[in-house]
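Fold and contact review
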Amino acid sequence: MAATVASPAMKRLDLRDPAALFETHGAEEIRGLERQVRAEIEHKKEELRQMVGERYRDLIEAADTIGQMRRCADGLVDAVRATDQYCARLRQADPAASRPQPQPSQEKFYSMAAQIKLLLDIPEKMWSAMEASQYLHATQLYLLCCYLHSLLQLNSAQTLHSPVLSRFPILIQQVAAASHFRSTILHESKKLLKCHTVPDQAVAEALCSIMLLEESSPRQALTDFLLARKTSIQKLLQQLHHDGGAKAQICLLVEVMATTLNQAHALFYTLPEGHLPDPSLPCGLLFSTLETITGQQPTGRGIPILQEGMKLCSWSRYLPPSIVEFQPALRTLAHPISQEFLKDTLQKWIHMCSEDIKNGLNNLLRFVKNIHDLAEVRDAMWRLLASESTSHSWNVVCQRLLEKPFLFWEDLMQQLFLHRLQTLMKEGFAAISSSCRELLISALHELEPSTSSSTPNKHIHLEHNMSLFLWTESPSDLPPDAAWVSVANRAEFAGSGLARKAHNISPCVQSFCSVLDSKLKGQLDDLLAYLPPDKASLPRDGSPKNCAFDRYSDAGTVQDVLQTHSVACIQTITSCISDELQRAEGLHRQQEGGTASRLHAVLFMARLCQSLGDLCPHLKQCILGKSGSTEKPARELRTLKKLGKGSAPEAVPLQSKWQEVRGLLLQQSVAAYRVWSSALVNALVQGFTQSLLLDDAASVLAMATSWEELEIQEETESGSSVTSKIRLPVQPSWCVQAFLFTLCQEINRVGGHALPKVTLQETLKNCMVQIVSAYERLSEEKETKREGAIPVTQNQALQLLYDVRYLSIVLTSRSEEKGGRNKQDPRTEKVINYLEALIDPFDLDVFTPHLNSNLTRLVQRTSVLFGLVAGTDSPFTPRSSTFNSQEPHNILPLAASQIRFGLLPLSMTSTRKTKATSRSTETHVQVVPPALSQADDPMHPGSLFRQLVSEEGDTSTPSLFRLSWLSSMTK
């Protein structure tokens, strides 16, 4: 039992290995397996016996059948051989003796029998002609069949009493079948007219078939031909999902139009009398075919194929001559079509097709998704029209048919292609504007300070403090080939990191401009396929020798469209920037305390507008065309600076649009810098005003920073000279120094070297206006004489006067003084008059020359320290014509040694130490404890220089910080 339930796999394994079988099974199990195997063996033997027996019976039956077929074939061969021998004996016998002469009564019978035989054979011949697309031959056979019906009296009116049908009932089915051939031939012929690839002869035969079957005129044939082609064009325009795409459909559409006009000339046009035909330009093919089919010449009459077939038939000699020489005929004569009627008909057909083509092409061109594919469609159409098969004698054909040239591109296609191009370009630039708007908003959100994280964003530091970016080395500062490629041979140095740092271009601005330029490059590359590659080598496609057109005749219009959309894209970006600036300015006015943290986005937008024209070369190429890519970016920078100064350069007419765009960008940049400048000046002047209006003893003492004592000789009334000492300020107040130093620091922090001149001038002017307001407020408070207020002494008035005049000199642009150096702002002059009124007039006359000298010296010394603030137009104030021989020639002291900078060409003097000692002695005579106490503060402006002065006396060891030329800047 265990063996019966064992799996077959286990059985095969046990039987294959007897040792394993005896190891794993008992004796009973092994006996059970043996019985099962023997039973299977007997079963297989029985199946083998049955299979061999059945196949053997089938084999015997097949052998018997083959033998029977061999005997049958031999019998057939013998019968055919006997028939052949019998026919040979008959041919050898006398035909005249063996053939009986028919009686006259039998000839009529034989003629009718031959006609019936021909009538029965004609449907087969018509079907063969239809299958071979020989519709004219099928028409001839059909007309012959109709003629036989009339001879045999098989017409519908006489069918019931026809003696032929009573004797030959099979003809009833033949008459019914023949009635359907007319509609079939007409349908296939009209279907052939819709196909433009068939040769002219086939079209002429199809038109002849229609004219013979419908008994129409040539004018009606012309109408049928044009309507068929119009239907073909409409069907082609409705196939929006053609396998070959829009390009194949449009080319096929043009090919149908061109072929139709060529075939209309070949079929319907007839030469005037006296003109010799041109073998290469056939015409009047329809009329010549009709003449051949319906002609009455004695030779060549009848149906050629029918005559060839009847030569092999013995019964054909009994056919009457009217059947053998049958020729179709038209009811009316086929008069040639007049040229005027042909021209009017073709013009109407072209007008109708033009409306359909314009509506259909708008739908077809929707499937063209880029300008490059649109250019490929236009070029494919140009190649088709320029080919020899289409352009052969095209102008002659148009002149004969229409009496004017027919221009496919100019009359039908060009405006549709331009409209689609404008749509694609509008969509492309709209996508660019939208993506730039999103990118701008995203960048502004990134630049906003994050309140959640304690670590500030790196981009905020780079946008607000450009010094972190400018003075940090990066691998991209120099181009990779800077070591072995000279600047003259370099493609564009503006692409290096150092050049961009010099132009104050931050990483955020670079990233934004790179994205915009790549999108513009993609749009421009797509459009370049539609424009001519090279104007110098461009051939004139629209030559009169063929029907091709000038592909690039609308290049100027395309360039104007590109320029318009490019300018609109920039206007959209600047409009978005303007909205963001207004929002930032509104936030600045509402929240005065948080303005500093919100100026990062303003500075980013200012730098973006300032650098957009230089970092996006493809924008210039979009506006100016290919000529815009040859000009150097440095020239554009010079133009930008000129625009910043307020003088509009004389632009070339081709570049007026580009200058307009640059002016718009610069205007937005200046507006953004103006927001930053206003916030900066308000914050700085607010602190300056608070320090200026402090009315306590410490602030009054701190105002006098450094004074000098001068000996002057005065002549008395008796004529003797009296020597007296006066003290005058040589440095401005600490609040003035702190204000100027902080202003310079903030300007340099945002990259002041690249700021527009107009921004710097507006900043300084705004500073001066608000500082004068602070001094006016001071004068008003001093005039009120509040109780407990400290009155203004003469020394304090001298210091204030020195400060005001110094600020008016530093913060006043040189360009504002060109109209007249003595002309001063009325408000400033009013403040100066108020302060001079607080000084004794006699002392003022004595102090004024020395005070002016100190001011001149101070301005010249601080012009380097304050940088852009002190010299927006020229770094130094021109020296006066009068020069005191006792003064040193150099305003800045000369270096005594070159221990640190050995390679620098520093001027040295041997008398420097003695002069410094004398000046140091004079300086120590003046005692100003409040100023010195504030100078000890390491965070106070000028503390470093004051420290250098205190250490100047110790010259035991040379040090950079003991150089007298550096320490003298504080004096």
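When helices and strands are counted, the chain shows 39 helices and 2 strands. Taken across its 971 residues, the chain has 41% of its residues classed as buried. Of the contacts formed within the chain by residues at least 6 apart in sequence, a portion of 77% connects residues at least 24 apart. Roughly 54200 Å² of accessible area belongs to the chain as shown, and the carbon and sulfur atoms make up 56% of that amount.

This brings us to the pattern of salt bridges. In the structure shown here, the tally under the stated rule is 21 salt bridges. For Lys117, the salt bridge goes to Asp121, with nearest N and O atoms at 3.7 Å. Placement of the pair is Lys117 and Asp121 together in helix α5 (residues 104–131), with a separation of 4 residues, close to one helical turn. Accessibility expressed as a relative area gives 36% for Lys117, which makes it partly exposed. The shortest N-O distance in the salt bridge between Arg674 and Glu762 comes to 3.1 Å. In this pair, Arg674 sits in helix α29 (residues 656–692) while Glu762 sits in helix α32 (residues 757–784), placing the two residues 88 residues apart along the sequence. Connected through salt bridges with shared partners, the residues Glu340, Lys343 and Glu403 form a single ionic network.

Now for the packing of aromatic side chains. Inspection of every chain in the model, using the stated rule, returns 8 aromatic pairs. A centroid spacing of 6.4 Å and a plane angle of 75° characterise the contact between Tyr673 and Trp676, whose relative ring orientation is edge-to-face. Of this pair, Tyr673 and Trp676 both sit in helix α29, 3 residues apart, roughly one helical turn. Each of the two residues, Tyr673 as well as Trp676, counts as buried. Geometrically, the ring pair formed by Phe688 and Phe739 is tilted, given 5.5 Å between the ring centres and 50° between the ring planes. Of the two residues, Phe688 sits in helix α29 while Phe739 sits in helix α31 (residues 734–749), which places them 51 residues apart along the sequence. No difference in accessibility class separates Phe688 from Phe739, as the two residues are buried.

This next bit is on a negative patch on the surface. On the surface, a cluster of negative charge is made up of Glu54, Asp58, Glu61 and Asp64. In this fold, Asp64 is placed in helix α3 (residues 27–92).

This next bit is on the pairing of strand β2 (residues 721–729). Pairing of strand β1 (residues 707–715) with β2, which is carried by 9 bridges, proceeds in the antiparallel orientation. Residue Leu710 lies in a different strand from β2, and its bridge partner there is Ile726. Following β1, the chain reverses through 5 residues before pairing antiparallel with β2; Gly719 in that reversal takes a positive phi of roughly 100°.

What follows deals with α31. For α31, spanning 16 residues, the distance from its first C-alpha to its last is 22 Å, which sits close to the expected 22 Å at 1.5 Å a residue. Of the residues trailing α31, Gly751 is marked for its positive phi of about 85°.

The phi dihedral of Ser133 falls on the positive side, at around 60°, and the residue is not glycine. Mapped onto the secondary structure, Ser133 falls in the loop between α5 and α6 (135–151).

Regions with low pLDDT carry predicted coordinates that are not meant to be interpreted in detail. Looking at the chain as a whole, its pLDDT mean stands at 76, while 73% of the residues score no less than 70. Across residues 536–547 the pLDDT falls below 50, and counting only partners more than four positions away or on other chains, this stretch makes 22 contacts in the model. Contacts from residues 910–971, a stretch scored under 50 in pLDDT, to residues over four places away or in other chains number 77 contacts.

Tallied over the entire structure, the rule returns 2 cavities of 30 Å³ or more. Considering only enclosed or pocket space, the largest cavity measures out at about 50 Å³ in volume. Contributing to the lining of the largest cavity are Leu692, Leu694, Ser699, Val700, Met703, Leu778, Lys782, Gln796 and Leu800. Within the residue set of the lining of the largest cavity, elements represented by two or more residues are α30 (697–703), α32 and α33 (794–810).

Counting residues in each nonpolar core, the largest one holds 210 residues, and the members touching the most others are Tyr775 and Leu811. Sort the elements by how many residues they give to this core and helix α20 (residues 408–447) lands first, with 17 residues. Beyond its immediate stretch of four places on either side in the chain, Tyr775 contacts Phe688, Leu692, Val736, Leu800, Asp803, Val804, Leu807 and Val831.

This paragraph deals with a nonpolar patch on the surface. A surface patch of nonpolar side chains, amounting to about 280 Å² of accessible area, comprises Leu48, Met51 and Val52. Here Leu48 shows up in helix α3.

Looking at the element boundaries, Ser863 is found in helix α35 (residues 841–865). A polar side-chain atom of Ser863 sits 2.9 Å from the main-chain carbonyl oxygen of Gln860.

As a further point, take the packing of helix α26 (residues 599–615) against α29. Contact pair α26 / α29: the axes reach a minimum separation of 8 Å and the direction vectors enclose 160°. Here α26 is positioned roughly antiparallel relative to α29, judged by the angle of their axes. Taken as a pair, α26 and α29 cross one another with a handedness that is left-handed. Contacts between α26 and α29 pair Leu599, Val602, Leu603, Met605, Ala606, Arg607, Cys609, Gln610, Leu612, Gly613 and Asp614 from the former with Trp658, Arg662, Leu665, Gln668, Ser669, Ala672, Tyr673, Val675, Trp676 and Ala679 from the latter. Of the residues that constitute the contact of α26 with α29, the class distribution is 14 nonpolar, 4 polar and 3 charged.

If you check α35, its first and last C-alpha atoms are 34 Å apart, about what 25 residues at 1.5 Å a residue would give, namely 36 Å. Remark: the principal bend of α35, roughly 40°, maps to Phe847, with a proline, Pro849, within the next four residues. Those residues of α35 that sit buried are Leu844, Phe847, Leu851, Asn854, Leu855, Leu858, Val859, Gln860, Arg861, Thr862 and Ser863. At the N-terminal boundary of α35, the capping side chain belongs to Asp840, with an oxygen 3.0 Å from the backbone nitrogen of Phe842. Residue Gly867 follows α35 closely and has a positive phi angle near 60°.

Reading guide: rules and limits
What you see as residue numbers is a count from 1 along each chain, following the sequence as written. Confidence filtering applies because this is a predicted model: local features only for residues at pLDDT of at least 70, side-chain atom pairs given and counted only at 80 or more, and all residues used for totals across whole chains, interfaces and linings. No hydrogens and no water enter the side-chain calculation; it runs on all heavy atoms of the structure. The helix count covers DSSP runs of H or I at least four residues long, the strand count covers runs of E at least two residues long, and both are numbered beginning at the N terminus. Type-normalised accessible area, obtained with a 1.4 Å probe on protein chains alone, sets the label of each residue: buried when under 20%, exposed when over 50%, and partly exposed for intermediate values. The contact rule is simple, with two residues in contact once any of their heavy atoms fall within 4.5 Å. Using a 1.4 Å probe, accessible areas were evaluated by the Shrake-Rupley method; residue-level cover was limited to the displayed protein chains. Any Lys or Arg side-chain nitrogen found within 4 Å of a carboxyl oxygen on Asp or Glu counts as a salt bridge. We call Phe, Tyr and Trp rings a pair once their centres come within 6.5 Å, taking the six-membered ring for Trp, and we label the pair stacked below 30 degrees between planes, edge-to-face above 60, and tilted otherwise. Residues form patches when they are more than 30% accessible in relative terms and have no salt bridge. Like charges link within 9 Å. Nonpolar side chains (Val, Leu, Ile, Met, Phe, Trp, Tyr) link within 5 Å. Here the positive residues are Lys and Arg and the negative ones are Asp and Glu; neither His nor the chain ends is included. We put the charge of a Lys on NZ, of an Arg on CZ, of an Asp on CG and of a Glu on CD. What makes two strands pair is DSSP finding at least two bridges between them. Here a helix's expected span is defined as the number of its residues, less one, multiplied by 1.5 Å. The quantity known as pLDDT measures the predictor's confidence residue by residue, on a range of 0 to 100. Grid points spaced at 1 Å and placed over the protein atoms alone form the basis of the search, with a cavity being a set where a 1.4 Å probe fits but cannot get out and a pocket an open set showing protein on both sides within 12 Å along at least five of seven lines. Lining residues have an atom within 4 Å of a point. Grid points are joined across faces, edges and corners, and a volume is the space filled by probe spheres set on the points. Throughout this description, the term nonpolar core refers to a set of buried Ala, Val, Leu, Ile, Met, Phe, Trp, Tyr and Cys residues connected via side-chain atoms within 4.5 Å. As used in this structure description, the phrase polar contact means that two N or O atoms lie within 3.5 Å; if the pair is within protein, one of them must be able to donate a hydrogen and the other to accept it, and residues adjacent in sequence are counted only when both atoms belong to side chains. To obtain an axis, a line is fitted to C-alpha atoms, over the contacting stretch when the element is a helix, and the angle between two such axes runs from 0 to 180 degrees between their N-to-C directions. Between 65 and 115 degrees an angle is taken as roughly perpendicular, under 35 as roughly parallel, over 145 as roughly antiparallel, and anywhere else as oblique. Whether a crossing is left-handed or right-handed is set by the direction in which the near helix is turned from the far one by less than a right angle, anticlockwise for left-handed and clockwise for right-handed. Classes in brief: Ala, Val, Leu, Ile, Met, Phe, Trp, Tyr, Cys and Pro nonpolar; Asp, Glu, Lys and Arg charged; the others, Gly included, polar. One axis is fitted to the seven residues ending at the residue and one to the seven starting there. The bend at that residue is the angle between these axes.

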